Amino acid sequence: MTSLESGRQPTISSDPFALARGLRTPVWVYDTDCCRIAYANEAACKIWSADDEASLKSRDLSQGMSTTVAKRLKQYQSDFIERNAEFCEFWTLYPNGIPITVNVVYTGFIMPDGRMAMMCEVTGEAKETPETLRSTEALLHTDVLIALYTIEGRPLYKNPAARNALWGIDVGFDEIFVIPGVFDEMRASWQRRDDCHCVTKIKTTSGERWFDLSTKRCLDAVTGDQALLVTAFDVSELKTTRDKARYLAARDQLTGCFNRSYMQQRLDEISSNVDPSRSRYALLFLDIDKFKKVNDTFGHEIGDAILRTFAERVRKHIRETDVFARMGGDEFVLLMKEPPSSDDLHHHLDKIRGEVTKPIDCGSIQLSVTTSIGVAVFDNRAGTDWATTMKQADLALYHSKRAGRDRYTVYDDSIGAEAIERSWLEANVKRAIQDDAFTLFYQPRIDLATNTVVAAEALLRWFHPERGDIPPGKFIPVCEEIGVIDQIGMLVIKQACQQMNIWRRDGFEIDLSVNVSPKQFQHEDFASLFEKAAEIADFPLSSLELEITETSLVGDNAEVSRRLLRINELGFRLALDDFGTGYSNLAHISRFPVDCIKLDRSFVQQLPSSGPLLSLILALAKQIGAITVAEGVETAEQLAWLREHDCDQVQGFLFSQAVPADDLMSTCYDICAQRRSVA
Ligand code: C2E
Ligand code: MG
Ligand code: MG
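All values reported here derive from a predicted model rather than from experimental measurement.

This brings us to the overall build of the protein. Scanning the protein from terminus to terminus reveals 24 helices and 29 strands. The C-alpha radius of gyration computed for the protein amounts to 46 Å, which surpasses the reference 26 Å derived for 679 residues by more than 25%, pointing to a less compact arrangement than a globule. Each of the three principal axes of the protein carries a C-alpha extent, and together these read 145 × 50 × 45 Å. When the 679 residues of the protein are sorted by exposure, 47% land in the buried category. Considering only contacts in the protein between residues 6 or more positions apart, those separated by 24 or more positions represent 59%. Of the accessible surface of the protein, which amounts to about 33,900 Å², a share of 52% is contributed by carbon and sulfur atoms.

All right, on to helix 18 (residues 526-536) then. Of the residues making up helix 18, those classed as buried are F526, A527, L529, F530 and A533. Down the axis of helix 18, the buried set is contained in an arc of 150°. They therefore lie on one face. The secondary structure elements touched by the buried residues of helix 18 are helix 16 (485-505), helix 17 (518-522), strand 24 (544-549) and helix 19 (557-570).

Here we come to the coordination of the magnesium ion (ligand 2). Looking at the metal site, the magnesium ion (ligand 2) is ligated by E457 (OE), N515 (OD1), E547 (OE) and D577 (OD), spaced 2.0 to 2.2 Å from it. For the magnesium ion (ligand 2), all donor residues lie on one chain, and their spacing in sequence is E-x57-N-x31-E-x29-D. Separating the magnesium ion (ligand 2) from the magnesium ion (ligand 3) is a gap of 3.9 Å, which D577 spans by donating to each of them. Here N515 lies in strand 23 (residues 511-515) and E457 lies in strand 21 (residues 452-464), a separation of 58 residues in the sequence. By relative accessible area, which is 4% here, E457 ends up buried. Looking at N515, the relative accessible area reads 29%, which means it is partly exposed.

This part covers the coordination of the magnesium ion (ligand 3). Those donors, D577 (OD), D578 (OD), E631 (OE) and E631 (OE), are the protein atoms that reach the magnesium ion (ligand 3), and they lie 2.0 to 2.4 Å from it. Counting gaps between the donor residues of the magnesium ion (ligand 3) yields the pattern D-D-x52-E. Since its relative accessible area comes to 9%, E631 is described here as buried.

With that out of the way, let us pick up the site of ligand 1. Among the 21 residues in the neighbourhood of ligand 1, the closest are listed as R461, N515, D577, E634 and F653. Here an oxygen atom of ligand 1 sits 2.8 Å away from a polar atom, N or O, in the side chain of N515. R601 is positioned such that a nitrogen or oxygen atom in its side chain is 2.9 Å from an oxygen atom of ligand 1. Here ligand 1 loses 83% of its free accessible area of 790 Å² to cover by the protein chains. Contributions of two or more residues to the shell around ligand 1 are made by strand 21, helix 15 (472-481), strand 25 (573-579) and helix 21 (601-605). Grouping the amino acids of the shell around ligand 1 by side-chain chemistry returns seven nonpolar, six polar and eight charged.

On the surface, K290, K293, R405 and K519 cluster together into a patch of positive charge. Among the structural elements, K519 can be located in helix 17. Classification of K519 by relative accessible area gives partly exposed; the value is 43%.

What the rule picks out here adds up to 39 salt bridges. With a closest N to O distance of 3.9 Å, R154 and E152 form a salt bridge. Through salt bridges with shared partners, a single network forms among D31, D33, K74, D113 and R115.

The next subject is the environment of D194. Along the chain, D194 falls in the loop between helix 7 (182-191) and strand 9 (196-204). For the pair D194 and V514, spaced 320 residues apart in the sequence, the C-alpha separation amounts to 85 Å. A polar contact is formed between the side chain of D194 and the side chain of R192, at a distance of 3.1 Å.

Note on placement: Q649 falls in strand 28 (residues 649-650). For Q649, a relative accessible area of 8% gives the class buried. Among the polar contacts made by the side chain of Q649, one reaches the side chain of R445 at a distance of 2.8 Å. Apart from residues lying up to four places away in sequence, Q649 is in contact with R445, I446, D447, L448, V454, I627, T628, V629 and A630.

For the rest of this paragraph, the subject is the domain arrangement of the protein. Here the domain parsing of the protein yields domain 1 (2-138), domain 2 (142-240), domain 3 (251-411) and domain 4 (443-462 + 485-678). Computed from C-alpha coordinates alone, the two centres of domain 2 and domain 4 are separated by 88 Å.

Next up on the list: the side chain of T101. Turning to its location among the elements, T101 is positioned in strand 5 (residues 100-110). By relative accessible area, T101 is classed as buried at 9%. Side chain to side chain, T101 and T92 meet in a polar contact 2.9 Å long.

Examined against the element boundaries, F183 turns out to sit in helix 7. Along the backbone, F183 and T200 are 17 residues apart, and their C-alpha atoms lie at a distance of 10.0 Å. Setting aside residues up to four positions removed in sequence, F183 forms contacts with F173, D174, F177 and W190.

Bringing helix 19 into the picture now. One full turn of an α-helix is made of 3.6 residues, so residues set three or four places apart face in the same direction. In this model helix 19 runs 20 Å from its N-terminal to its C-terminal C-alpha over 14 residues, within 8% of the 20 Å that 1.5 Å per residue would give. Where helix 19 is concerned, the buried positions are V560, R563, L564, I567 and L570. The buried residues of helix 19 occupy an angular sector of 120° when the element is viewed end-on, so they sit on one face. Turned more than 90 degrees from where helix 19 packs its buried face, A558, R562 and E569 sit exposed. Summarising the contacts, the buried residues of helix 19 are in contact with helix 17, helix 18, strand 24 and strand 25. Downstream of helix 19 by one or two residues, G571 has phi in the positive range, about 115°.

Okay, the sheet that holds strand 8 (residues 155-158) next. Here five strands make up an open sheet; going across it, the order is 8-7-11-10-9 and the pairing antiparallel. Sheet topology places strand 8 and strand 9 at the edges, where each strand pairs with a single neighbour. Taking each pair of neighbouring strands and ignoring which way they run, the sheet shows an average axis angle of 30°. Sheet analysis places strand 7 (residues 145-150) next to strand 8, joined by three bridges and oriented antiparallel. Residue pairing across strands places A147 opposite K158, the latter belonging to strand 8.

So, about the pairing of strand 4 (residues 85-93). Among the nine residues that make up strand 4, eight are buried, leaving the element largely enclosed by the rest of the structure. Sheet topology note: the strand 4/strand 5 ladder contains eight bridges and is antiparallel. Among the inter-strand pairings, E86 is bridged to a residue of strand 5, identified as T107. Counting the residues between successive antiparallel strands, the hairpin from strand 4 to strand 5 contains six residues, one of them, G97, with a positive phi of roughly 85°.

What follows deals with the packing of helix 10 (residues 291-298) against helix 11 (residues 300-315). Contact geometry of helix 10 with helix 11 gives a least axis separation of 6 Å together with a crossing angle of 140°. Considering the angle they form, helix 10 stands oblique to helix 11. Taken together, the residues of helix 11 that come into contact with helix 10 (itself represented by F291, V294, N295 and F298) are H300, I302, G303, I306 and L307. Tallied by class, the residues present in the contact of helix 10 with helix 11 amount to six nonpolar, three polar and no charged.

What counts and what doesn't
- Just so you know, the residues in each chain are numbered from 1, in the order the chain's sequence is written.
- Naming scheme: in the order in which they are written, chains are lettered from A and ligands are numbered from 1.
- Confidence filtering applies because this is a predicted model: local features only for residues at pLDDT of at least 70, side-chain atom pairs given and counted only at 80 or more, and all residues used for totals across whole chains, interfaces and linings.
- With hydrogens and water stripped out, all remaining heavy atoms of the structure feed into the side-chain values.
- Segments assigned H or I by DSSP are reported as helices when at least four residues long, segments assigned E as strands when at least two residues long, and all are numbered from the N terminus.
- Radius of gyration here is computed from C-alpha atoms only, and the compact-globule reference equals 2.2 Å multiplied by the residue count raised to the power 0.38.
- Categorising residues by exposure relies on relative accessible area from a 1.4 Å probe, with only protein chains included: less than 20% of the type maximum marks a residue as buried, more than 50% marks it as exposed, and the intermediate range marks it as partly exposed.
- By definition, residues are in contact when any of their heavy atoms lie within 4.5 Å.
- Only the protein chains shown count as cover for residues, with accessible areas throughout obtained via the Shrake-Rupley method and a probe of 1.4 Å.
- Our arc is simply the arc of the directions from the helix axis toward the C-beta atoms.
- In this description, a donor is an N, O or S atom within 2.8 Å of the metal centre, a cutoff extended to 3.2 Å for sodium, potassium and calcium. Water is not part of the atom list, which can make sites seem incomplete.
- Residue proximity to a molecule or strand is established when one non-hydrogen atom of the residue lies within 4 Å of it.
- Whenever two N or O atoms come within 3.5 Å, that pair is a polar contact, provided that in protein one can donate a hydrogen and the other can accept it, and provided that, for residues adjacent in sequence, both atoms are side-chain atoms.
- Residue type decides the class: Asp, Glu, Lys and Arg count as charged, Ala, Val, Leu, Ile, Met, Phe, Trp, Tyr, Cys and Pro as nonpolar, and the leftover types, Gly among them, as polar.
- Exposure above 30% relative accessible area and no salt bridge define the residues that can form patches, which grow by joining like charges within 9 Å and nonpolar side chains of Val, Leu, Ile, Met, Phe, Trp and Tyr within 5 Å.
- Whenever Lys or Arg places a side-chain nitrogen within 4 Å of a carboxyl oxygen from Asp or Glu, that contact is recorded as a salt bridge.
- When charges are tallied, Lys and Arg are placed among the positive residues and Asp and Glu among the negative ones, while His and the ends of the chain are skipped.
- Every charge is mapped onto a representative atom, which is NZ of Lys, CZ of Arg, CG of Asp or CD of Glu.
- For the domain bounds, the source is a domain assignment made automatically or taken from a database.
- Helix span, as expected, comes to 1.5 Å for every residue beyond the first.
- Two strands make a pair as long as DSSP finds a minimum of two bridges between them.
- To obtain an axis, a line is fitted to C-alpha atoms, over the contacting stretch when the element is a helix, and the angle between two such axes runs from 0 to 180 degrees between their N-to-C directions.
- For this classification, under 35 degrees means roughly parallel, over 145 means roughly antiparallel, 65 to 115 means roughly perpendicular, and everything else is oblique.

Here it is in structure tokens:
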């Protein structure tokens, strides 16, 4: 079959079909819009086995017409309008159910009402074998694009579907591809004589569409030259549906980030060496700080808005090769292929943190969030495994959180060692509680006016059979984290009260202070602990002082006041420990019934440079009517300075370390004797 284009104009006259009526060859006009014959000459009526033109015109040719043919005819109609085209094709007619295949030349024909129809002029009956006729029909009717090109890609033949889709006969094979490089890749494979198959985007008359395309080397039956047979079928719908399903399966609905299962799949692919580059990766765990609190305080809608904004902002700073996923809740993971060098990575993380902290508009309110980040490196070449890397990133994140949040930590061995130490402590602290391995030691507190020991601070001691003394600074935070601080608190208060009872019974009268951690203070049952202490105590309750830190006073003021007043009502005294290391807002603190301010050891040890600051604290403490105790006094110079500046009491290694209960009385006598001799 061939197709020619010519400059021939459509026929226009008062009887538009007048010319054709006199012809001996069958000619008819097919009205594409109505699927009926509009005009037919005598020869045409004969070939169609119609008695006359009127009866032929009354036939509805849409009956039994395949959709492909209908589509093709529509395409011809627009080709006639746009390009004044002319086609030559077989047409198999079925006048009385008996097929006759004829060669027909199609041209455009303007109907009296201005619409474009198709003039069909039979040039002869097709003489081909049934096999040829059938295969020709199949080629004409199929939706599959079939085309034959020279080995250079010049078109030799296109079936109607290919002609319609691929901009007529003349467009070369190389011109149809949307994605750069696909044609070159295909050419390389057919030059190697390989068959080639791909799904690719093609420029068609209906826009850019996805096609399943195959090429095969063959010989041109006319010239015997090497040729290329191309078949292609439209898979756009299938691809869109599949892509959408794939997209949804891999995405987190709320933020549009990848989801946990996609991230897991990527990690698996990398570790199973599907990634031939054997690259280095940085794995970043990102958490929104205190997200739960935001969610609980402002509701889930605002929580969702924050998650969405957070994801959007991090995405602004990720590279094309990075994978960013929401693992659930406020946990995100960023996988960076070939991460930048250490300095650049730090710079990059600062940029992410800077972006994330910008205020977020949540309708009537503006909120700001920060993020804690843990980073670990996965080196495929070094044979690391993801389970380890994930654990390391998690530990680094944990480290960021413990260090005060709003920061990043890159994993190193010290963090690993710290984690091992922490798990040891976690496991052993519980056992120590069960085994009653904690004891209180007591450090004397000296009144500078009288040079006598007036009180002692109860300090917890843990002696481990293998590891020796473990300092409270190490195990108290672990007790807080694993939720056993209340048990410890109970143990301390009981032991302290029982010891006070013993000393009283032995005629040794001394005040005692016990430490209370902020976590313990926040506990709902906090006051009941001291109600219990009041029951055990065989001494005036004003002899027992609670040491709390400034952090305990931050938060819900009404609730803090309520707790402190309850302690006050019971008769216990209250001291503010480590003063100056926290928020240090005396105006705020003056609202609470504080009896004593303990100046933190760090200030005493920095004397005399910390002098002006200490003087100020001493003056302010006097203003709110609290007595002052300087902690960590180690030298005679420090003591002299404190005495000169009217500090009320002191405590420190200059006098004594914390000693066992049985030694306290003698230690106190020694200190007093020594003080008297010094004085
Ligand atoms: P803290 O309450 O400020 O206790 C004072 C700490 O300073 C004690 O350390 C004490 O031994 C040390 N210290 C006292 N004088 C000197 C000195 O002259 N030089 C030096 N270098 N250090 C001195 P310790 O016993 O290791 O306790 C550390 C912290 O652990 C305490 O600080 C307190 O916050 C906490 N802690 C101790 N016992 C308990 C307890 O029973 N319950 C709670 N919740 N925390 C406790
Ligand atoms: Mg203390
Ligand atoms: Mg202290």
